[in-house]
Amino acid sequence: MLEAAEKFEKVFRWMKSEDHNFLSYFKDGNIGPPRAEVWETVSVFVKFLKMFYDATCRFYGSLYVMTNINFLEICMLQKELVRLNESDNYCLMNMAVSMRIKYDKYWGSLDMINWMLSIIVVLDPRSKLGLLTFYLKKIHDECRTEELVSNVRQLLSDLYAEYNDAFGSSSVNLTEHVPPLPSTSTKVGEDNHES
């Protein structure tokens, strides 16, 4: 809604300077046409809310099946919220503080993090453990980062051990199905026919 209204900022300014009926409408006790500072606030809110709208579409949209991106998106949102908490715009700062409280409720504590998001990032061939550590250092202190990385390593070890127990010893021997290599005594070009 705000994004649609923002497109008409020039129209409102033009109507204010050119259309006398437009201004007379507001003399009847109505609030008045939007001022320049209101348009600035609208612009800031559109950018702020678009960030969350895009993230929500990527999390829940059926066209985005890349779960490995979700963790990075969460980290980017948290970093942006921290930046906006120190904003000069009072209204934006209040909204960022409110959103940060909600963010911390679901993602702020290490106990609340879905460990599978971290595992998925580590298993992504483009990321590995280095990218996970890099992003965690940007949003958490060194101690919390080390704790989380240690937990992820332990979880990976546990997952591998469970996989190995389930499939390692009872798996089919693949060498039974591989055809034997030709013997080294047979020369190339010789016919090896049985009579």
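Bear in mind that the values here come from a model prediction, so they are computed numbers and not experimental data.

Here is what the cut-offs are and how they apply
- Residues numbered from 1 in each chain as written.
- Predicted model: local features only at pLDDT ≥ 70, side-chain atom pairs only at ≥ 80, totals over all residues.
- Heavy atoms only, no water.
- 1 Å grid on protein atoms, 1.4 Å probe; cavity = no way out; pocket = protein on both sides within 12 Å on 5 of 7 lines; lining within 4 Å.
- Points joined across faces, edges and corners; volume = space filled by probe spheres on them.
- Helix = DSSP H or I, 4+ residues; strand = E, 2+ residues; numbered from the N terminus.
- Nonpolar A, V, L, I, M, F, W, Y, C, P; charged D, E, K, R; others polar.
- Salt bridge = Lys/Arg side-chain N within 4 Å of Asp/Glu carboxyl O.
- Phe/Tyr/Trp six-rings, centres within 6.5 Å; stacked < 30°, edge-to-face > 60°.
- Buried < 20%, exposed > 50% of the residue type's maximum accessible area, 1.4 Å probe, protein only.
- Axes fitted to C-alpha atoms, helices over the stretch in contact; angles between N-to-C directions.
- Parallel < 35°, antiparallel > 145°, perpendicular 65-115°, else oblique.
- Contact = heavy atoms within 4.5 Å.
- Core = buried A, V, L, I, M, F, W, Y, C linked by side-chain atoms within 4.5 Å.

What follows covers the layout of surface pockets. A volume near 360 Å³ is recorded for the largest pocket. Taken together, 14 residues line the largest pocket, and the ones lying closest to its centre are Phe52, Thr56, Phe59, Leu77 and Trp107. Those elements that provide at least two residues to the lining of the largest pocket are helix 4 (36-60), helix 5 (68-84) and helix 6 (90-108). Of the residues belonging to the lining of the largest pocket, the class tally is 11 nonpolar, two polar and one charged.

Our next topic: the pattern of salt bridges. Evaluated as defined, the whole model comprises three salt bridges. Between Glu80 and Arg83 there is a salt bridge, and its shortest N-O distance comes to 2.3 Å. Placement of both Glu80 and Arg83 in helix 5 is noted, with a separation of three residues, approximately one turn of the helix. We note a salt bridge from Asp104 to Arg100, for which the minimum N-O separation is 3.2 Å. On the criterion of helical spacing, the pair formed by Asp104 and Arg100 is a turn pair, its members being four residues apart in helix 6.

A word on the packing of aromatic side chains. Per the counting criterion, the structure on display carries three aromatic pairs. Judged by centre distance (5.2 Å) and plane angle (65°), the ring pair of Phe48 and Phe52 falls under edge-to-face. One end of the pair is Phe48 and the other is Phe52, both in helix 4 and four residues apart, which spans about a single turn. Across the pair, Phe52 and Phe48 agree in class, each one buried. Their ring planes at 85° and their centres at 5.5 Å tell us that Phe134 and Tyr135 sit as a pair that is edge-to-face.

On to the packing of helix 7 (residues 115-123) against helix 9 (residues 142-168), then. Close contact between helix 7 and helix 9 brings their axes to 10 Å; oriented N to C, the two are set at 80°. Looking at the two axes, helix 7 sits roughly perpendicular to helix 9. Here Trp115, Ser118, Ile119, Val122 and Leu123 of helix 7 come into contact with helix 9, specifically with Leu148, Asn151, Val152, Leu155, Leu156 and Leu159. A per-class count over the contact of helix 7 with helix 9 returns nine nonpolar, two polar and no charged.

This part covers the nonpolar core. Counting 26 residues, the largest nonpolar core has Phe48, Phe71, Leu132, Leu136 and Val152 as its most contacted members. Elements supplying a minimum of two residues to this core: helix 4, helix 5, helix 6, helix 7, helix 8 (128-139) and helix 9. Top element by residues in this core is helix 5. It accounts for seven residues. When neighbours within four sequence positions are excluded, Leu136 is seen to be in contact with Phe71, Thr145, Leu148 and Val149.

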